[in-house]
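# Structural overview
Here are the chains, one letter per residue:
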Amino acid sequence: MTRYRKLPVEIEAIQFTGSNVQEIWDAFGAEGIYGPTEKNPDHLILTTVHGDEAPARADDWVIPDGKPGTFYPCKPDIFAKTYEEI
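Keep in mind it's a predicted model, so treat the numbers as computed, not measured. (Residues numbered from 1 in each chain as written. Predicted model: local features only at pLDDT ≥ 70, side-chain atom pairs only at ≥ 80, totals over all residues. Heavy atoms only, no water.)

## Observations regarding the packing of aromatic side chains
- According to the stated counting rule, one finds 3 aromatic pairs in the structure shown.
- Between Phe-28 and Phe-71 the ring centres are 5.8 Å apart and the planes differ by 50°, which places this aromatic pair in the tilted class. Remark: Phe-71 occurs in strand 6 (residues 71-74) and Phe-28 occurs in helix 1 (residues 21-28); sequence separation between them is 43 residues.
- Members of the aromatic cluster, connected to one another through ring pairs, are Trp-61, Phe-79 and Tyr-83. (Phe/Tyr/Trp six-rings, centres within 6.5 Å; stacked < 30°, edge-to-face > 60°. Helix = DSSP H or I, 4+ residues; strand = E, 2+ residues; numbered from the N terminus.)

This is how it looks when you write it as structure tokens:
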């Protein structure tokens, strides 16, 4: 059996602090990023590449997902294991 290694990929990401929505909008635009709202005061709603909604809570990382206006959240422990700052 032949083994393969996944090629390194560089990404842009911002950690959601619960109060830095404007920073995230300034970096990525507001399309596909909603909240916090009265209904969901503790998290953002991200539009995924599949058209679903995914919550991003404080300390989650917001990562653009290829298609404009689509994102995915990543928990801090997974982010730390998966990415290194360059």
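That covers the picture; the talk isn't over yet.
## Description of the pattern of salt bridges
- Enumeration according to the criterion identifies 1 salt bridge in this entry.
- Residues Asp-60 and Lys-75 are paired through a salt bridge, measuring 3.2 Å at the closest nitrogen-oxygen approach. Of this pair, Asp-60 sits in the loop between strand 4 (53-57) and strand 5 (61-64) while Lys-75 sits in the loop between strand 6 and helix 2 (76-82); the two residues are 15 residues apart in sequence, bridging distant segments of the chain.
- By relative accessible area, which is 42% here, Lys-75 ends up partly exposed. (Salt bridge = Lys/Arg side-chain N within 4 Å of Asp/Glu carboxyl O. Buried < 20%, exposed > 50% of the residue type's maximum accessible area, 1.4 Å probe, protein only.)

## Observations regarding helix 1
- Within the span of helix 1, buried status applies to Val-21, Ile-24 and Phe-28. Down the axis of helix 1, the sector holding all buried residues measures 65°, keeping them to one side.
- Those residues of helix 1 that are buried are in contact with strand 1 (14-15), strand 2 (33-34), strand 3 (43-47), strand 5 and strand 6.
- Downstream of helix 1 by one or two residues, Gly-29 has phi in the positive range, about 90°. (Arc of directions from axis to C-beta. Contact = heavy atoms within 4.5 Å.)

## Here we look at the layout of surface pockets
- Of the volumes computed, that of the largest pocket is approximately 540 Å³.
- With 4 residues, helix 2 is the largest single contributor of residues to the lining of the largest pocket. (1 Å grid on protein atoms, 1.4 Å probe; cavity = no way out; pocket = protein on both sides within 12 Å on 5 of 7 lines; lining within 4 Å. Points joined across faces, edges and corners; volume = space filled by probe spheres on them.)

## A closer look at the environment of Gly-51
- Looking at the secondary structure, you find Gly-51 in the loop between strand 3 and strand 4.
- You can call Gly-51 exposed: its relative accessible area is 55%.
- For the pair Gly-51 and Cys-74, spaced 23 residues apart in the sequence, the C-alpha separation amounts to 17 Å.

In short, geometric facts, not functional conclusions.
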